[in-house]
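# A structural walkthrough
Here is what each chain is made of, one letter per residue.
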Amino acid sequence: METSKALSPITRVTKYTLIDEVQQRSFVVMFVTCAICVFLVRGCYQGNYMVNGQSLDAATIVRTLSKATFHVIGAGVMVITALLSMRIFRRDRNEGMQACILSKPIARWQYVTGKILGLWALSVLFMFTLHGIVFFITSINLKVFMPGYLVASILCSINLLFVIIAVLLLSLLMSDIVAFLCLLAVGAIGFVADGIAAASHSQIAQAILQQPGAQPHSDVTWWKAVYFCWPKLLGVQQLASSLIESGSSHELGSIYPFINVLFYCLILGALLFKRFRSEDIV
Amino acid sequence: MIKLKNVTKLYDSLTAVDDVSFSVTPGEYFALLGPNGAGKTTIVKMLLDFTRPSSGSLSLSGISSLQAECRKSVGYLAENHHIPASLSGWHYLLRCAELLDMDRSEATDHCKRIVELIGMQGRENTKVGTYSKGMVQRFGLGAALMGNPKLLILDEPTSGLDPIGIREIRLLLESLKDQGMTIFLNSHLLSEVEKICDTAAIINRGKLLVKDTISAIVKDGETLEDVFVRLVKG
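## Some thoughts on the overall build of chain B
A count of helices and strands for chain B gives eight helices and 10 strands. On C-alpha atoms alone, chain B measures out to a radius of gyration of 18 Å, which is about the 17 Å that the 2.2 N^0.38 rule sets for 234 residues. With the principal axes as the frame, chain B shows a C-alpha extent of 50 × 40 × 30 Å. Sequence separation of at least 24 residues holds for 66% of the intrachain contacts in chain B that already meet a minimum separation of 6.

Below is the structure:
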C-alpha cells in the first residue's frame, strides 16, 4: 500500500514528461528525420561490395551493415537524449510545472525519478523504433533474420540512462549547453581512447613496443587506470552488437562495460538526488 | 495551522529572513505584508519547502515543512503564475487534480466545479498561450483550490487582474474563509487586506515588525497604509 502510494506520483510525473516531450515540435522533427534516414540506408543493403578482390555474399553485407547501422543509431539517440535532457529542468521551471508539482504532496525524489523514467522510456522507445525499422527491413525485405538485434537494442538502453542522469546532474551545475557539451566530450574521449586501445593491441603496435630501443613500461600506468574507469559507452555498444551474431558467448570480462556504466548510473543518480534536494525552486 | 519558529534564511552574506517566529491558527485570514525584498516570498517558499531555512523550523498542520506529506491539504498560487503554453486551462486543471491522486472521473467533476468557481466557463478548452495574464492567474487560483485544501497560500493573487477581477477574487476568498479555510495572503494591496483579513504581520529587511489582528494594528484615525509606512520607514 505504501509502495503504491509512493509510486503513484512517480507514474504521473513520468506520464507528463513523456506527453510534454512528444508534443514538442523539435522532438517530432528529430524523430521523423531519423526514421527517414534509417529507411534510406535500405538502399545500401542491395549494392555489390568487394573486399580484397572477392565479392561479398548478401547475408554478410546485411549483417555487417546492420551492425554499423546499430552503432550509428545507438550513438545518434544518445546525442538526441542529451539534447532532450539538458533543458528538462529549465523548461519545467519556466513553465511553472516544477512549482506546481512540488507544491503538491510530492517529494523531490519522486519528481526527479519521474523525470528520469519519462525521458528514459521515451529515448528507449525512440531507439527501439529505429532499430526495429532496421530489423524489419532485414527480416522481411532481405530475408536475413537477426533475433539478437532487438535484444541488443534493449541492452544499449543502459547508455541512455547514463546520458539522462549525467546531463540532468550537469544541467543543475552549469548552463544547459555546457552540460550537453561535457557529455559529448565524455563520449568522444571514450571513443578515441577505445580506438587507441584497440590500435595498441594490433600486431604493428606490439612490434614497435617490443623493439630493443623501446623504453620498458610498467603494466599499470595512470592512463590505463583512467581508461579502465572511464564510462564505457562504446564498450556497451560493442557488447550489445555482439549479441546480434547468434551463438556468440560472453566471458565475465566482456560484461565489464555494462557493469561500469551501471555503476556510473548509480553514483551519478545519487549525486543528482542529493543536488536536487538542495535546489531552490523558483 | 502554520508555525514558524526562529526562522532565518541566509543567501551568502544577505539575511533574507532574520529570526522570524509567528503562527497562524486554523480558519484565520492572515496577510503577510512588507516592502519589496522584505523576505515575504522567501517565507512562502520555505513553507512549501521550495527553499530550506538556514536555521529554525516551519510546520504546516503540525508536520515539518520538510516533509511532502504536510502539503496534502495545501493550495498554492504563485506570484506571476505560469502554465505551460501547450496546455489548455482544462488540461492544466486536470493535471493538477491527477497529481492529487484523483481518478479521471473524480478529477473531471472537480475540474468542472473549479472552472465555474473561477468564472472561466467557455474558455477552458483554448490553449493557455492565448490567455491574458489575469486569466492565467484565475486558472492558477483554480489549481490552488483543487482538492478542497484546508490551507490556501496566495502570493500576490490579484497580480495582473483588473479592478473587477480583483473584486471577484476578493469575494471568492471571503466565501472560502466562511467555509473555514485558512488563508495565508502575501499582498501589496493594503486597502484590500484591511477590508478582508483578520490578522496581519509586517516584515521589513527580514525582521518581523508586528503580528496582530488588523483592529489591534490599525489605531483610530489611521489606515493600514499609515501604519505600514510608519513601521517600515522606522
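Back to the write-up after that little detour.
## Concerning the overall build of chain A
Scanning chain A from N- to C-terminus turns up 13 helices and two strands. With the C-alpha coordinates aligned to their principal axes, the bounding extent of chain A is approximately 70 × 55 × 35 Å. Out of the 282 residues in chain A, the part that is buried amounts to 35%. Contacts spanning at least 24 positions in sequence make up 83% of the contacts within chain A whose residues lie at least 6 apart.

## Here we look at the domain arrangement of chain B
All names here are of chain B. Here chain B is described as being made up of domain 1 (2–73 + 151–233) and domain 2 (83–149). Placing the centre of domain 1 and that of domain 2 at their C-alpha centroids yields a distance of 25 Å. On the side of domain 2, eight residues touch domain 1, which itself brings 12 residues to the contact. Counting residues per element, the ones that place at least two in the side of domain 1 that touches domain 2 are strand 7 (151–155) and helix 5 (163–178). Examining the composition of the side of domain 1 that touches domain 2, we find that four residues originate from one element, helix 5, more than from any other. Considering only residue class, the side of domain 1 that touches domain 2 consists of six nonpolar, four polar and two charged.

## Some points on the pairing of strand 8 (residues 182–186) of chain B
Residue and element names in this part refer to chain B. Strand 8 sits mainly inside the fold: five of its five residues count as buried. Side-chain alternation along strand 8 places Thr 182, Phe 184 and Asn 186 on one buried face and Ile 183 and Leu 185 on a second face that is also buried. Note that strand 7 and strand 8 share five bridges and pair parallel. Note on strand 8: the bridge partner recorded for Leu 154 is Leu 185. This β-α-β element, strand 7 to helix 5 to strand 8, shows right-handed connectivity.

## Remarks on the sheet that holds strand 6 (residues 74–77) of chain B
Residue and element names in this part refer to chain B. Spatially, 6-7-8-3-9-10 is the arrangement adopted by the six strands of the open sheet, whose pairing is mixed. At either margin of the open sheet sits one strand with a lone partner, and together these are strand 6 and strand 10 (207–213). Between one strand and the next, the sheet's axes are offset by a mean angle of 15°, whatever the strand orientation. On the sheet, helix 8 (residues 224–233) packs against strand 3 (29–33), strand 9 (199–204) and strand 10 and is oriented at approximately 30° with respect to strand 9.

## Observations concerning the interface of chain B and chain A
Taken together, the contact pairs 22 residues of chain B with 21 residues of chain A. Top element by residues in the side of chain B that touches chain A is helix 2 (residues 89–99) of chain B. It accounts for four residues. Among the residues forming the side of chain B that touches chain A, the class breakdown is 11 nonpolar, four polar and seven charged.

## Section: the packing of helix 8 (residues 157–173) of chain A against helix 9 (residues 176–200) of chain A
Residues and elements named next belong to chain A. For the pair helix 8 and helix 9, the least separation of the axes is 8 Å and the interaxial angle reads 140°. In terms of axis orientation, helix 8 runs oblique to helix 9. When the axes of helix 8 and helix 9 are compared, the crossing they make is right-handed. Counting all contacts with helix 8, which are made through Val 163, Ala 166, Val 167, Leu 170 and Ser 171, the residues of helix 9 involved are Asp 176, Ala 179, Phe 180, Cys 182 and Leu 183. Grouping the amino acids of the contact of helix 8 with helix 9 by side-chain chemistry returns eight nonpolar, one polar and one charged.

## A few points about the packing of helix 3 (residues 58–86) of chain A against helix 8 of chain A
Residue and element names in this part refer to chain A. Running from N to C, helix 3 and helix 8 cross one another at 30°; their axes reach a closest spacing of 9 Å. Comparing their axes, helix 8 and helix 3 come out roughly parallel. For the element pair helix 3 and helix 8, the recorded crossing hand is right-handed. Here Gly 74, Val 77, Met 78, Thr 81, Ala 82, Ser 85 and Met 86 of helix 3 come into contact with helix 8, specifically with Asn 159, Leu 160, Val 163, Ile 164, Val 167, Leu 168 and Ser 171.

## Some points on unusual backbone geometry
All names here are of chain B. A positive phi angle is found at Asp 19, which is not glycine, with a value near 50°. Here Asp 19 lies in strand 2 (residues 14–24). A residue is classified by how many C-beta atoms lie within 10 Å of it, and Asp 19, with 14 of them, is partly exposed. One non-glycine residue with positive phi stands out, namely Glu 156, at about 50°.

## Brief notes about the sheet that holds strand 5 (residues 63–64) of chain B
The antiparallel open sheet is built from four strands, whose spatial order is 2-1-4-5 (chain B). The open sheet has two edge strands with one neighbour each: strand 2 and strand 5 of chain B.

## Here's the deal with the environment of A:Cys44
Residue and element names in this part refer to chain A. Residue position: Cys 44 is located in the loop between helix 2 (25–40) and strand 1 (50–51). Assessed through the 13 C-beta atoms surrounding it within 10 Å, Cys 44 is described here as partly exposed. As for Cys 44 and Leu 262, which are separated by 218 residues in sequence, their C-alpha atoms are 35 Å apart.

## With respect to the pairing of strand 1 (residues 2–11) of chain B
Residue and element names in this part refer to chain B. Note that strand 1 and strand 2 share seven bridges and pair antiparallel. Along strand 2, the bridge assignment pairs Val 7 with Val 20. Between strand 1 and strand 2, which follow one another and run antiparallel, lie two residues, and Asp 12 among them has a positive phi close to 55°. In this structure, strand 1 lies alongside strand 4 (residues 55–60), joined through five bridges in antiparallel fashion. The residue of strand 4 that forms the bridge with Leu 4 is Leu 58.

Rules behind the numbers
Residues numbered from 1 in each chain as written. Chains lettered and ligands numbered in written order. Predicted model: local features only at pLDDT ≥ 70, side-chain atom pairs only at ≥ 80, totals over all residues. Helix = DSSP H or I, 4+ residues; strand = E, 2+ residues; numbered from the N terminus. Rg over C-alpha atoms; globule rule 2.2 N^0.38 Å. Contact = placed C-beta atoms within 7 Å. Buried ≥ 20, exposed ≤ 12 C-beta atoms within 10 Å, placed from the backbone. Domains from an automatic or database assignment. Nonpolar A, V, L, I, M, F, W, Y, C, P; charged D, E, K, R; others polar. Pairing = 2+ DSSP bridges. Right-handed = clockwise from strand over helix to strand, strands pointing away. Axes fitted to C-alpha atoms, helices over the stretch in contact; angles between N-to-C directions. Parallel < 35°, antiparallel > 145°, perpendicular 65-115°, else oblique. Left-handed = near helix turned anticlockwise from the far one by under 90°.

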